[in-house]
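Each chain, written out:
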Amino acid sequence: MKDKLHTQLNIAVSSRALFNLEPSNALYETQGVTAYTEHQLSHEQEPLPQGMAFNLVQKLITLNQLPNISVSIMLISRNSADTGLRILNSIAHYDLDITRATFTNGAAPYPYLKAFDAHLFLSGN
């Protein structure tokens, strides 16, 4: 008997695509990394608003309910591990099935895509 086909889809998403980080990013652009870090840390329990890719990510996650398909969503963010805590708390707040995350501390996210075996990268840029 033939095995049924199983599809694995690995999607990477940037934190700025998943959540609306524009107000925080404006703070970073105008006042620097220290002000940005202090803001994120002082608001780490406050969920971030949904970003441009949020609804798509939710819909992709629901594909896991279908037989023979697995969708894995992973977060890749230029934030540090400290400022990324607000992002992780927001993922938990919205009950998103995202179990892998990388915080690059300002480095480009692209080298991580191969390590995650990402088929698609959702980014706001």
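Note: the structure precedes this text.
Criteria and thresholds
- Residues numbered from 1 in each chain as written.
- Predicted model: local features only at pLDDT ≥ 70, side-chain atom pairs only at ≥ 80, totals over all residues.
- Heavy atoms only, no water.
- Helix = DSSP H or I, 4+ residues; strand = E, 2+ residues; numbered from the N terminus.
- Buried < 20%, exposed > 50% of the residue type's maximum accessible area, 1.4 Å probe, protein only.
- Contact = heavy atoms within 4.5 Å.
- Lys, Arg positive; Asp, Glu negative; His and termini not counted.
- Charge placed at Lys NZ, Arg CZ, Asp CG, Glu CD.
- Salt bridge = Lys/Arg side-chain N within 4 Å of Asp/Glu carboxyl O.
- Pairing = 2+ DSSP bridges.
- Axes fitted to C-alpha atoms, helices over the stretch in contact; angles between N-to-C directions.
- Right-handed = clockwise from strand over helix to strand, strands pointing away.
- Arc of directions from axis to C-beta.

## Thoughts on the overall build of the protein chain
- Scanning the protein chain from N- to C-terminus turns up six helices and four strands.
- Start at the N end of the protein chain and walk to the C end: the helices and strands fall as β-α-α-α-α-β-α-β-α-β.
- The 125 residues of the protein chain split such that 38% are buried.
- Considering only contacts within the protein chain whose residues lie at least 6 apart along the sequence, 80% involve residues at least 24 apart.
- Looking at charge distribution, the protein chain has the averaged site of its 8 positive side-chain charges lying 13 Å from that of its 10 negative ones.

## A few points about the pattern of salt bridges
- Inspection of the entire model under this criterion finds two salt bridges.
- Among the salt bridges present, the one from Glu22 reaches Arg16, with a minimum N-O distance of 2.9 Å.
- Since its relative accessible area comes to 29%, Arg16 is described here as partly exposed.
- Between Arg86 and Glu46 there is a salt bridge, and its shortest N-O distance comes to 3.4 Å. With Arg86 in helix H5 (residues 81-93) and Glu46 in the loop between helix H3 (33-42) and helix H4 (54-62), this pair connects stretches of sequence that are 40 residues apart.
- Under the relative-accessibility criterion, Glu46 is labelled partly exposed at 41%.

## Notes on the sheet that holds strand S2 (residues 69-77)
- Taken in spatial order, the four strands make up an open sheet running S3-S2-S1-S4, and their pairing is parallel. This sheet does not close on itself; its edge strands, each paired only once, are strand S3 (98-103) and strand S4 (120-122). Across the sheet, the mean angle from the axis of one strand to that of its neighbour is 25°, orientation sign disregarded.
- With respect to the sheet, H4 is in contact with strand S1 (7-14), S2 and S4, its orientation differing from that of S2 by roughly 145°.
- Against the sheet, H5 touches S2 and S3, its axis set at about 160° to S3.

## What to know about the pairing of S2
- For S2, a buried count of eight out of nine residues is recorded, marking the element as mostly surrounded by other parts of the structure.
- With eight bridges connecting them, S1 and S2 associate as parallel partners. Looking across to S2, one finds that Ala12 is bridged to Met74.
- Pairing geometry for S2 and S3, over five bridges, is parallel. Among the inter-strand pairings, Ile73 is bridged to a residue of S3, identified as Ile98.
- Tracing the backbone out of S2, into H5 and back to the parallel element S3 gives a crossover that is right-handed.

## Some thoughts on the pairing of S1
- Bridge count between S1 and S4: three bridges; the pairing is parallel. The residue of S4 that forms the bridge with Val13 is Leu122.

## A short note on H3
- Within H3, the full set of buried residues consists of Ala35, Tyr36 and Gln40. One side of H3 carries all its buried residues, which in axial view fall inside an arc of 130°. Exposed and oriented more than 90 degrees from the buried face of H3 are Thr34, Glu38 and Ser42.
- Buried residues belonging to H3 abut helix H2 (22-31) and H5.

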